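Each chain, letter by letter, is given below.
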Amino acid sequence: MTRRFCGILQHLSGSKNESPLKQDYLQVVEMSNEPFNSNRFTTPLLVVIVSLGAAMRFYGLEAQSLWVDELASWDFSNQGSLAAVIFETANDVHPPGYYIILHFVIKLFGDSEAIMRIPSAIAGTISIVAMFHLARRLYSDKEAIIASALTAVLWCPIFYSQMARAYSFVFLFTILTTISLYSLVRNFRQDTKSPLTILLHVLCSIILIYLHYYGFIIVVFQGGALAAFSLKRGKCFFITIAIYLAIFMAYSPWLPIMVKHSGENLPWFSKPTMSYFLYYIGFFFNKSIELTLMVLVVCLVAFIHTCQKYTKLHDYDSAKDMNRVAEYFSINIMLLAWLFVPFIFVYVYSILCRPALRFYSFMICMPAAYLIFARALCRLPLSNLTSSLVTVGIILLFTWHLVFFMQYYSRPHNEDYFNHPEWAQFREAVGFVVQREDLYRSAVVVGCPNKKFFNYYFDKMIGKKRVTENVCSLQDIVLIEGLIQKNRPSYLWYIFADTKPEASLLSTLAERFSLVEKASFNSAGVYLFRINPTTR
């Protein structure tokens, strides 16, 4: 049999005198080394899971309006050249990787809502397969099926697979860098060299850090772990240095921009509190505190059960057995570090320096959460049949919660979760204006925060009007006065989404003009004012 995870889990050829308890526990440590198709149920189950996950990602891609960050993705990506995309991205707070991908998508296929979201849906679907292979390498087919099923049906990976942002790609390439890291460690253990594995790890790491700055945390984390592992392995250590030097050199052109971005203050971030830790885990499990507590209880029971078995083992045939048990626990410790170390680092940074913590940026840690829970489900003190039924029940519970309790596919996204931005309905706000254009023909339109974002939908709806000025504060009212003097309109449309205008601005508009009608949407609104002839 081949070795698993760094070559630490070897085939057990136990003696006849081994106790049943010892045989049982060492079987826990040993991985399944059978080929992919050796279990006749594995392939059909994976096909069903991937098909379900794909359907849940591609269904309703146009059901929700693009929100402000997606419209920003469109704005940065919809440039005349690749150089222009990179230049414009320097004015954002993200690296250019995703904008480059979206730039070519828009050039080849257009910029409709569905087209811009399809790449994320594809990446999300591939992530299901990638999670299967990662879990299979670390544990066995059973954990792999569970981890892939969690990835297929839980809210977080689905939600960001339906968004024209980088997060689905970040999730995918985090998994791919980890798989390639596993292969590197295995090669170092066996003292073999694979240029292809090295190349894949370098490429995946470069892509990851160009997708999101938080990808840098994972690359540094993995680089430190690989360097520590290879420190006493001669040439392997120098190979590790060469690998991460190549990654650094590939990223060096963007480093000055990253330093610039790191110094910018982000007013929409706030300092975290201790409650963030619970909400952080809940973010990966349908944003439900109840389901999160269930996950924590399952993990705790599995941990206690495993520790009880471990403490009852006193007789080992060799130091090899002891090392295998210890290194089995090291896998889980590394997963816990993967889940919590990046979060703790950003948490402390947000308190001591400047707030920079958003849960959705921790897609880099989500694989660890699902791997840990998948392993916990397999380690419950239950019979095989009962364990399988419990696992299927939990997967179905997550699916039911998403579809029926959260009503994910049947109601507008209204993100009321802790530390999560609102999903502003730009499309609905613009649609309200377009439907009434013929009733109020002599009108000008102003908006907040960005006229480009509103005009994206005016263009798609073939509206007759366009937002001509950005008006968010009272001092911007001079822009409205200029439009009135220039165009002599009878009506004024004021439209906002994501960013609420100053209350003093709205009260001033109500004093100067007559309110005809208004409408409210998720984090968006529309006002129609009649302009008095004397004002014109």
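Residues numbered from 1 in each chain as written. Predicted model: local features only at pLDDT ≥ 70, side-chain atom pairs only at ≥ 80, totals over all residues. Heavy atoms only, no water.

Engineer: Could you clarify how one ought to interpret the packing of helix α2 (residues 42–58) against helix α6 (residues 113–138) in this entry?
Structural biologist: In helix packing, the relevant descriptors are the interaxial angle and the interaxial distance, both defined with respect to the helix axes. Their axes nearest at 9 Å, the elements α2 and α6 cross at an angle of 155°. When the axis of α2 is compared with that of α6, the two are roughly antiparallel. Judged by the twist between their axes, the crossing of α2 over α6 is right-handed. Contacts between α2 and α6 involve Thr42, Leu46, Ile49, Val50, Gly53, Ala54, Arg57 and Phe58 from the former and Ile118, Ala121, Ile122, Gly124, Thr125, Ile128, Val129 and Phe132 from the latter. Residues belonging to the contact of α2 with α6 are distributed by class as follows: 11 nonpolar, 4 polar and 1 charged. (Axes fitted to C-alpha atoms, helices over the stretch in contact; angles between N-to-C directions. Helix = DSSP H or I, 4+ residues; strand = E, 2+ residues; numbered from the N terminus. Parallel < 35°, antiparallel > 145°, perpendicular 65-115°, else oblique. Left-handed = near helix turned anticlockwise from the far one by under 90°. Contact = heavy atoms within 4.5 Å. Nonpolar A, V, L, I, M, F, W, Y, C, P; charged D, E, K, R; others polar.)

Engineer: Is there a simple way to think about the pattern of salt bridges in this case?
Structural biologist: Pairing between side chains of opposite charge can happen when their charged atoms approach one another. On inspection of all chains with the given rule, the structure shows 11 salt bridges. For aspartate 438, the salt bridge is made with lysine 464, and the minimal N-O distance between the two is 2.7 Å. One end of the pair, aspartate 438, is in the loop between α19 (426–434) and β1 (443–448); the other, lysine 464, is in the loop between α20 (451–460) and β2 (467–470), with 26 residues separating them in the sequence. Residue classification places aspartate 438 among the partly exposed residues on the basis of a relative accessible area of 47%. Under the relative-accessibility criterion, lysine 464 is labelled exposed at 61%. (Salt bridge = Lys/Arg side-chain N within 4 Å of Asp/Glu carboxyl O. Buried < 20%, exposed > 50% of the residue type's maximum accessible area, 1.4 Å probe, protein only.)

Engineer: How should unusual backbone geometry be read in this particular structure?
Structural biologist: Among all residues except glycine, the phi angle is most often negative; among peptide bonds, the trans geometry is most common. For the bond running from cysteine 448 to proline 449, omega is 20°, close enough to zero to count as cis. Along the chain, proline 449 turns up in the loop between β1 and α20. Phi angles above zero are rare outside glycine, and aspartate 498 is one such case at about 75°. Examined against the element boundaries, aspartate 498 turns out to sit in the loop between β3 (491–497) and α22 (503–512).

Engineer: How should I be thinking about the environment of glycine 110 in this particular structure?
Structural biologist: In this fold, glycine 110 is placed in the loop between α5 (97–109) and α6. Residues glycine 110 and asparagine 78, spaced 32 residues apart in sequence, show a C-alpha to C-alpha distance of 9.7 Å. Residues within four places of glycine 110 in sequence aside, it is in contact with Val105 and Ile115.

Engineer: Can you walk me through the packing of aromatic side chains in this structure?
Structural biologist: The geometry of two aromatic rings is summed up by the distance between their centres and the angle between their planes. Summed over the entire model, instances satisfying the criterion amount to 46 aromatic pairs. A ring pair is formed by tyrosine 280 and phenylalanine 359, whose centres lie 6.4 Å apart and whose planes are at 40°; its orientation type is tilted. Of this pair, tyrosine 280 sits in helix α14 (residues 276–284) while phenylalanine 359 sits in the loop between α16 (319–352) and α17 (366–378), placing them 79 residues apart in sequence. In terms of burial, tyrosine 280 and phenylalanine 359 fall into one category: buried. Residue placement shows lysine 287 over the ring face of tryptophan 155; its charged tip is 4.4 Å from the ring centre. Note that arginine 436 overlies the ring of phenylalanine 432, its terminal NZ or CZ placed 3.6 Å from the centroid. (Phe/Tyr/Trp six-rings, centres within 6.5 Å; stacked < 30°, edge-to-face > 60°. Lys NZ or Arg CZ within 6 Å of the ring centre and 35° of its normal.)

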